[in-house]
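One letter stands for each residue in the lines below.
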Amino acid sequence: MDLFLQQILTGIANGAIYACLALAVVMIYQAIDHFNFAQGEMAMFSTYICWAMIAGGVPYWLAFFATIVVSFVGGLAIERIIFKPLHNAPVLSHVVVFIGLIAIFNSSAGAIWDHNIKTFPSPFPSGSFGGLIGLHEVGMFFVTLILLLGIFCFFRFTRVGMAMQAAAANPDSAELVGIRVGWMLALGWGLAAAIGAVAGMMIAPIVFLDPNMMLGILLYGFAAAIVGGITSPGGAVAGGFLVGIIENLVGTYIPAIGSELKLTVALVLIVTVLLFKPNGLFGKTIVTRV
Amino acid sequence: MATDVETRLDSRLTVGEKIPVKLVIPVIVIGAIIPFVLGGYATFQGTLIMIYAIAILGLNLLTGFNGQFSLGHSAFYAIGAYTAAILVYHLDWPVYVTIPIGGVVCFFAGFLFGLPALRLEGLYLALATFALGVAVPQILKSSHLEGLTGGVQGLDVFRPDVPAFLVDNFGLTMDQWWYLIVFVVMLLMFWVAWNLINSRTGRAMMAIRDNPIAARSMGVNASLYKSLTFGVSAFYTGIAGAMAAIIIEFVAPDSFTFQLSILLFIGMVVGGTTSIWGAVFGGMFILLIPNFAEEISTGLSYAIFGVILILVIYVMPSGFAGLVNLLRARIKKIM
């Protein structure tokens, strides 16, 4: 029973990270109708920035918030400089640019900070909570929970948040009531980059820092977004926790899978959900008109 | 979804076109002379370029001519390579036979993966293949398959000697011999692709790309063509993978990471998505640019790829082949 509880708790903690990435993916999907394949590499790069600051003597939490700001500005800049001119461009162009971004971030992180695996500090005390789950995991869970709540309140109760929703739901009408749709998209990118940065900084003490650290995690983030429904931010978050729990239970109780085939679990999840319930658990059906 | 790939004009021009013999024959002659003029290392690199070109052509048939996306072609490259390696290592099959078998195994793998993926429009297919590409190295390393795949260690592939009469009469080295084999295979694959594109099937593929709904209402069986195209695309990549395993004489999971998918994708885009011969340029690009890039700054080659990739999208969306076509049209106008 302890093992079961332990796996559920670890699943929820990891799920919080997947939820963040899924949310970031969904936000960009809602803004530009594309999956941001570079989300993971962007988060990885942000994590490296934070690591560099800490290594340079900046206190953890100052570096943490500074990284969020830097990532926000970076995300904003990516939208303004690279994606704005591609507005209305075919799908291929977008996929190509995402692939280009993956290559740029991955390679520059390796070139700037070398490819050696680094440890990343945790702001939380070591030790465990009742012998069930590490205190870092507990802290990680609460940090992401606060972040998700903050995002929820931002979209629900602020003018800018409402305007962003309007711009995503119906760009033309939003433009007519005076919302600057272009800037709302850029804001979405900035937020997505910032959320990704938090996910990266929180997971780095567990998976260690290296340029390829986010590839598998992003895959789980995608699985979460697909399971929850790519059109539903709330669904994506729920999907994140669900996928985190599934990952841990399957890894523990199905010996053939263990820890060495975890990515295959994500692959199977993605393909299965897309086949049998393409809109996910909470998404809505989209009808394309000719 | 109507126009995913923006080169419709180009494809219409090529429909029913004859192979430009005047252009092709000099290329064949030059290609056949290269291994006897250049040194062993350059010959080996040339062989790799042609292998990449075949894989890129496979990806191109899928994306450029059928409008589907794959970020997981490293998986099919791996399946082709491992098929060849396993047949040679465990069953002692002759290497030459394993090349087409690698392709056929990939055809079925691709067809089967494409079958459910049919329900997935554009981006979702990209996502599913992304997952495939990321997951495959881990599957290859898995302890359950270790007896077959050699796990992290990989497998050695031993090549037989060059046939004796060729060594005696022409002094052919191993590198030259395999260059010529790959060269012939490449010509064959390009010829097949050319005929495929200029056939009824090719027109159906392009119709699905340009307007799936219109194609369907004209009686094109979109699902069948899409999964078949996926299979054919995997076949090409599998052939390339099998030959790569033989040339390098070794397979290991870490040669088939997601980065390889990115590399093939870059080659396709830079070469030109709706051009058959652009694939050769794509192959040259992904093999040779890292060498130059390493001279500028070690480790930055993918960053340079990334920048070039994004520039290509802004400056010449139809790739290198499109640029050449454009220049040819300009020159004709002046003269």
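What you see as residue numbers is a count from 1 along each chain, following the sequence as written. Think of it this way: whatever chain is written first is A, whatever ligand is written first is 1, and the rest follow in order. Reporting in this predicted model follows two pLDDT cut-offs: at least 70 for local features of residues, and 80 or more for side-chain atom pairs to be given and counted; totals over whole chains, interfaces and linings ignore these cut-offs and use all residues. Neither water nor hydrogens contribute to the side-chain values; these are computed over all heavy atoms in the structure.

Novice: Whenever I open this one, the overall build of chain B confuses me. Can you help?
Specialist: When its secondary structure is counted, chain B shows 16 helices and 2 strands. Against the compact-globule benchmark of 20 Å for 335 residues, chain B has a radius of gyration of 20 Å, which places it among compact chains. Buried residues in chain B amount to 54% of all 335 residues. Methods summary: accessible areas were calculated by the Shrake-Rupley approach with a probe of 1.4 Å, and residue burial reflects only the protein chains presented. Per element, the accessible surface of chain B, about 14500 Å² overall, is 70% carbon and sulfur. Averaging the positions of the 16 positive and the 16 negative side-chain charges in chain B gives two centres separated by 21 Å. Each helix is a run of DSSP H or I of at least 4 residues and each strand a run of E of at least 2, with the numbering of both proceeding from the N terminus. The quantity called the radius of gyration is restricted to C-alpha atoms. Its globule counterpart is 2.2 Å times the number of residues to the power 0.38. Accessibility here uses a 1.4 Å probe with only protein chains present; expressed as a share of the type maximum, an area under 20% marks a residue as buried, one over 50% as exposed, and anything in between as partly exposed. Charge counting follows a simple rule: Lys and Arg are positive, Asp and Glu are negative, and His as well as the terminal groups are ignored. Positions of charges follow a simple convention, taking NZ of Lys, CZ of Arg, CG of Asp or CD of Glu.

Novice: Would you mind showing me how to read the environment of B:V185 here?
Specialist: Residues and elements named next belong to chain B. Turning to its location among the elements, V185 is positioned in helix 9 (residues 174-197). Relative accessible area serves as the criterion here: at 17%, V185 is assigned to the buried category. Sequence separation between V185 and M50 is 135 residues, and the spatial gap between their C-alpha atoms is 9.3 Å. Any two residues whose heavy atoms approach within 4.5 Å at even a single point are treated as in contact. Not counting residues up to four positions away in its chain, the partners in contact with V185 are I54, I239 and M243.

Novice: Looking at this model, I keep getting lost on the interface of chain B and chain A. Mind explaining?
Specialist: It is common to give the size of an interface as the accessible area that goes away when the parts come together. Counting from both sides, the interface comprises 46 residues of chain B and, opposite them, 48 residues of chain A. By convention, the term buried area covers the 1.4 Å-probe accessible surface removed from two parts as they join, with the contributions of both added. Around 4000 Å² of area is buried between chain B and chain A when both sides are counted, 80% of it from carbon and sulfur atoms. When the buried surface of chain B facing chain A is broken down by residue, B:L123, B:Y124 and B:L127 rank first, second and third, together holding 16% of it. By convention in these notes, a salt bridge is any Lys or Arg side-chain nitrogen within 4 Å of a carboxyl oxygen on Asp or Glu. Across the contact surface, chain B and chain A share 0 salt bridges. What qualifies as a polar contact is a pair of N or O atoms within 3.5 Å, subject to a donor-acceptor requirement within protein and to the restriction that residues adjacent in sequence count only when both atoms come from side chains. Connecting chain B to chain A are 4 residue pairs in polar contact (both at pLDDT 80 or more).

Novice: How do you make sense of the nonpolar core when you look at a structure like this?
Specialist: Considering soluble globular proteins, one finds that nonpolar side chains tend to be buried as a cluster. Grouping buried Ala, Val, Leu, Ile, Met, Phe, Trp, Tyr and Cys residues that are joined through side-chain atoms within 4.5 Å yields what is termed a nonpolar core. Core analysis: the biggest nonpolar cluster contains 208 residues, and A:F35, A:F37, A:F83, B:F130 and B:F265 have the highest contact counts within it. Looking at which element gives the most residues to this core, the answer is helix 8 (residues 181-207) of chain A, with 18 residues. The contact partners of A:F35, leaving out residues within four places of it in the chain, are A:V25, A:Y29, A:F98, A:F222, A:I226, A:I230, B:L123, B:Y124 and B:L127.

Novice: Would you mind showing me how to read the environment of A:T252 here?
Specialist: Residue and element names in this part refer to chain A. Note that T252 resides in helix 10 (residues 233-253). Taking relative accessible area as the criterion, T252 reaches 28% and is therefore assigned partly exposed. For the pair formed by T252 and V237, sequence separation is 15 residues and the distance between their alpha carbons is 23 Å. What T252 contacts, discounting residues up to four positions off in sequence, is L3 and Q7. Here the side chain of T252 touches N248 through a polar contact of 2.6 Å, landing on its backbone oxygen.

Novice: Whenever I open this one, the UniProt feature "transmembrane region" (unreviewed entry) in chain A confuses me. Can you help?
Specialist: UniProt positions are given in the numbering used here, feature names are shortened, and annotations may be inferred rather than shown by experiment. Within this structure's numbering, the places UniProt gives as "transmembrane region" (unreviewed entry) are residues 12-32, 52-78, 90-113, 133-155, 183-207 and 263-282 of chain A. In this annotation, residues 12-32 of chain A is assigned 100% helix and 0% strand; the end-to-end C-alpha distance for the span is 30 Å.

Novice: What should I look at first to understand the confidence of the model for chain B in this one?
Specialist: Low pLDDT marks stretches whose predicted atomic positions should not be read closely. The pLDDT value tells you how sure the predictor is about a given residue, anywhere from 0 up to 100. For chain B, the mean per-residue pLDDT works out to 84, and 92% of the residues sit at or above 70. Here residues 1-14 of chain B scores under 50 on pLDDT; set against residues more than four positions off or in separate chains, the count is 33 contacts.

Novice: Even after reading the chapter, I still don't get the packing of aromatic side chains, so can you show me in this structure?
Specialist: In this description, a pair of aromatic rings is defined by centroid distance and the angle of the planes. Between the rings of Phe, Tyr and Trp (Trp by its six-membered ring), a pair exists once the centres lie within 6.5 Å; its type follows the angle of the planes, with under 30 degrees stacked, over 60 edge-to-face, and the other angles tilted. Here the structure, examined in full by the defined rule, presents 36 aromatic pairs over all chains. With 5.3 Å between their ring centres and 50 degrees between their planes, A:F37 and B:F130 make a pair best called tilted. Remark: B:F130 occurs in helix 6 (residues 122-141) and A:F37 occurs in the loop between helix 1 (2-32) and helix 2 (39-55); the pair is interchain, linking two chains. Judged on exposure class, the residue A:F37 and its partner B:F130 are both buried. For the ring pair A:F64 and A:F65, a centre distance of 5.2 Å and an interplane angle of 90 degrees mean the geometry is edge-to-face.

Novice: Looking at this model, I keep getting lost on the environment of A:S71. Mind explaining?
Specialist: Among the structural elements, A:S71 can be located in helix 3 (residues 60-83). As a C-alpha pair, A:S71 and A:A194 span 123 residues in sequence and 5.2 Å in three-dimensional space.

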